[in-house]
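# Examination of the molecular architecture
Residue-level listing of the chains:
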Amino acid sequence: MLNDDFIASISNELANSVAMHTEGVEWTETAVDGLEFYRQSSPTSQSVCIVEPSIALVVQGAKSMTLGEQTFKYDPTRFLITSLDLPAKMQVLEASEEQPYLGIVLKLDLAVMSDLMLQAPLNNPKEVISDQGMILGNTTPNFLMALHRLVTLIDEPESTTVLAPLIKKEIYWRVLISEQGARLRQIVSAGSHGLRIARSIEWLKSNYDKHLSVDELAEMARMSKSTFHHHFRQLTSMSPLQYQKRLRLMEARRLMIAESQDASTAAYQVGYESPSQFSREYSRLFGDSPKRDVLNHWQ
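Nothing here was measured: the structure is a model prediction, and the numbers come from that model.

### What to know about unusual backbone geometry
For R222, which is not a glycine, the phi torsion comes out positive at approximately 55°. Mapped onto the secondary structure, R222 falls in the loop between helix 7 (214–220) and helix 8 (225–236). Positive phi is not limited to glycine here, since S260 has a value of about 55°. Along the chain, S260 falls in the loop between helix 9 (240–258) and helix 10 (263–269). A relative accessible area of 64% places S260 in the exposed class.

### Quick notes on the sheet that holds strand 2 (residues 35–40)
Across the sheet, six strands lie side by side as 1-2-9-4-7-10; this open sheet has antiparallel pairing. Pairing within the sheet leaves two strands with one partner each, and these edge strands are strand 1 (27–29) and strand 10 (134–138). The average angle at which neighbouring strand axes cross in this sheet is 20°, direction not considered. Sheet analysis places strand 2 next to strand 9 (residues 101–107), joined by six bridges and oriented antiparallel.

### Re the sheet that holds strand 5 (residues 62–67)
What holds strands together in a sheet is hydrogen bonding between their backbones, with the strands either parallel or antiparallel. Read across the open sheet, the four strands follow the order 3-8-5-6; overall the sheet is antiparallel. The open sheet has two free edges, formed respectively by strand 3 (47–51) and strand 6 (70–74), since each of these has just one partner strand. The sheet shows a mean angle of 35° between the axes of neighbouring strands, direction not considered. Inspection of the sheet shows strand 5 paired to strand 8 (residues 86–94) by five bridges, in the antiparallel sense. What sits directly across from T66, in strand 8, is K89.

Basis of the calculations
- Chains are numbered independently. Their residues run from 1 in the order of the written sequence.
- In keeping with the predicted nature of the model, local features appear solely for residues at pLDDT of at least 70, side-chain atom pairs appear and are counted solely at 80 or more, and the whole-chain, interface and lining totals rest on all residues.
- For the side-chain quantities, the full set of heavy atoms in the structure was used; hydrogens and water were omitted.
- Numbering of helices and strands starts at the N terminus; helices are DSSP runs of H or I of at least 4 residues and strands are runs of E of at least 2.
- Classification of residues uses two cut-offs on accessible area relative to the type maximum, computed with a 1.4 Å probe and protein chains only: under 20% is buried, over 50% is exposed, and between them is partly exposed.
- Two strands form a pair only when DSSP identifies at least two bridges running between them.
- Lines fitted to the C-alpha atoms define the axes, with helices restricted to the stretch that makes contact. Angles between their N-to-C directions range from 0 to 180 degrees.

Structure (structure tokens):
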């Protein structure tokens, strides 16, 4: 009970900080590299997004992230860990004008985590082994206190450069020694299947408009085609081809909204050869045709 009260108290302090820095906006970067704040004043419908390797914490309200068929709901008592760039669907579940949804995202530095991993205990009886690139962790007082110290650095610019890297390391460490540490170690361990899939995803992000050969991806990952396909689907809940399509469709939507491109131009630019196929797959993902979706966005 004392832990619950303490978590509620620290979450409330964090919520006050996020509310102050997000007044009038839904998202903001902070002076601390990799630290972002989010705000919503009402529940939202599901929206498609790419979730970067990160720790996501709700300090007021509740949110869900859906990866494949599995939905992860998190609130001040649970946080979301994403260890790969994953196409998912997010939704704010609890929010109002009086009590807006307030969230914090800290991007993961996998190189720093790899160094810390060498010092983490190998056998942690609390660990939960998972084959997915997304998992929930339980909020603890030590984790929240470290995050609180990081957030307060926003108002101490003279200390940010020196202290932020140290506090981030503490936060990463708290996660590595938690019940979810094994999941992260599988991603950052040299030679692991997780790290090989992560590198393949990096290639796909830079080459989503190119013809996809799973054989070539598997060869780059130094895995057999069947092994590569199996581990890719385990981690991302989709096949390499489905992953590429999701990247293409999301980039096409950005081109239409941010750069005012028409649907056919955007489709060709992201690698589609058939505008009709693009329109079908776009409608399947976003629930509306490209033209209607863009019009609805600006209404």
